[in-house]
Amino acid sequence: MTPLLCSAPAKVNLALEVQGVLPGGYHELDTVFCWLDLEDLLDVRPSAKTELVIQDEIGQGAEVVANEENLVMKALRGLEDLVDRELPTRLHLIKRIPAGGGLGGGSADAAAALLGVTRAHRLPLQPADLLKLAARLGADVAFGLQGGTARGRGRGELLSPLPSPPDLPVILLVPPFPLSTPEVYSCWDRLPAEVRRAGRGSAERVVAALSKGLPQDLLRSTGNDLEVAAEALRPELSDLRRRMLEAGCAQARLCGSGSTLFGLLEPGSDPEPVATRLKGLGRVLCTRFRRSPR
Ligand code: C5P
């Protein structure tokens, strides 16, 4: 029985295309995920009884709860069902990824829990078992198991690895309001057909840009079909996106279903002055892409 410290990186979607509605109400995606150099950490220790302790390092208060609703606990319970026994574990989660922002923090934590608990208890499970469980826990959890840069199809869980992006500075702007993922998708459902595919073609463009490795191509390629829906729910978001471009970002996009926005800077440029110009609009974080998978 081994204690383990597992990394749970945040992600952005360099491209996100919504291609239709699947039976059951989920949406079919063609998306490109990429890990960021911003992570939660999960310490996993087999113990006499199960407990989840959350160390909130960025003052999120009530937004992250240490109960059975937390995806870390759902991951543990899913593994217990799979092996048909209790797996008493002390889970200590250090939270640094803003919650409710489309950065995939909860999904990343769940993926870290699946890997950490499996290793710490030496469970005889195959990668395919974990992938199946991950897909049940949430659309982005499968990506958290492999990480790096990957194209996601289906609900986002059918993954194929891609080359890493060039090393660009990334700025995150976390507005003072979260957005609910189901609400953003159902707003997208109600959008007129002519505006709901603003990101059309972005997945193919980003894949081509990544294989060429040219930063300028990547900067021109990003797109997100959910942006129009999120901006319909929160019109301030289009203003914030414009402010990011005015502040010096070469490109600014919604992270997943929002509300966080990410800005990409020209390679080699200094993110600090850009971040300073954005202060007061929300929480501002400077990061980079994490360019290696697990
Ligand atoms: O899977 P996850 O828990 O991240 O999804 C949250 C909600 O987002 C789902 O209940 C669904 O309403 C919406 N969603 C979707 N299609 C996806 C991913 C998420 O409709 N591919």
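Refer to the structure presented above.
Cut-offs and rules
- Residues numbered from 1 in each chain as written.
- Predicted model: local features only at pLDDT ≥ 70, side-chain atom pairs only at ≥ 80, totals over all residues.
- Heavy atoms only, no water.
- Helix = DSSP H or I, 4+ residues; strand = E, 2+ residues; numbered from the N terminus.
- Buried < 20%, exposed > 50% of the residue type's maximum accessible area, 1.4 Å probe, protein only.
- Polar contact = N/O pair within 3.5 Å; in protein donor to acceptor, adjacent residues only side chain to side chain.
- Contact = heavy atoms within 4.5 Å.
- Phe/Tyr/Trp six-rings, centres within 6.5 Å; stacked < 30°, edge-to-face > 60°.

Draft legend 1. Representation of unusual backbone geometry in the model. Here Gly 258 and Ser 259 are connected by a cis peptide whose omega angle stands at 10°. For Ser 259, the location among the structural elements is in the loop between strand 9 (251-254) and strand 10 (261-264). Here Asp 84, not a glycine, exhibits a phi torsion of approximately 60°, which is positive. Of note, Asp 84 is situated in the loop between helix 1 (71-83) and strand 4 (89-95). Using a relative accessible area of 70% as the deciding quantity, one classes Asp 84 as exposed. Positive phi values are uncommon outside glycine, yet Arg 122 reaches one of about 50°. With respect to the secondary-structure elements, Arg 122 resides in the loop between helix 2 (105-120) and helix 3 (127-137).

Draft legend 2. Expanded view of the side chain of Lys 95. Mapped onto the elements, Lys 95 comes out in strand 4. Since its relative accessible area comes to 3%, Lys 95 is described here as buried. Side chain to side chain, Lys 95 and Asp 40 meet in a polar contact 2.5 Å long. Discounting chain neighbours no more than four positions away, the residues touching Lys 95 are Asp 40, Ile 54, Gln 55, Asp 56, Glu 57, Ile 58, Gln 60, Val 64, Gly 105, Gly 106 and Asp 109.

Draft legend 3. A look at the packing of aromatic side chains. Enumeration over the complete set of coordinates arrives at 2 aromatic pairs. Between the aromatic rings of Phe 33 and Phe 143, the centroid separation amounts to 4.6 Å while the plane-to-plane angle is 15°, which identifies the pairing as stacked. Here Phe 33 is found in strand 2 (residues 27-46), whereas its partner Phe 143 is found in helix 4 (residues 141-146), with 110 residues between them in sequence. A single burial state applies to Phe 33 and to Phe 143, both of which are buried. Centroid distance Trp 35 to Phe 143: 6.3 Å. Interplanar angle 65°. Geometry classified as edge-to-face.

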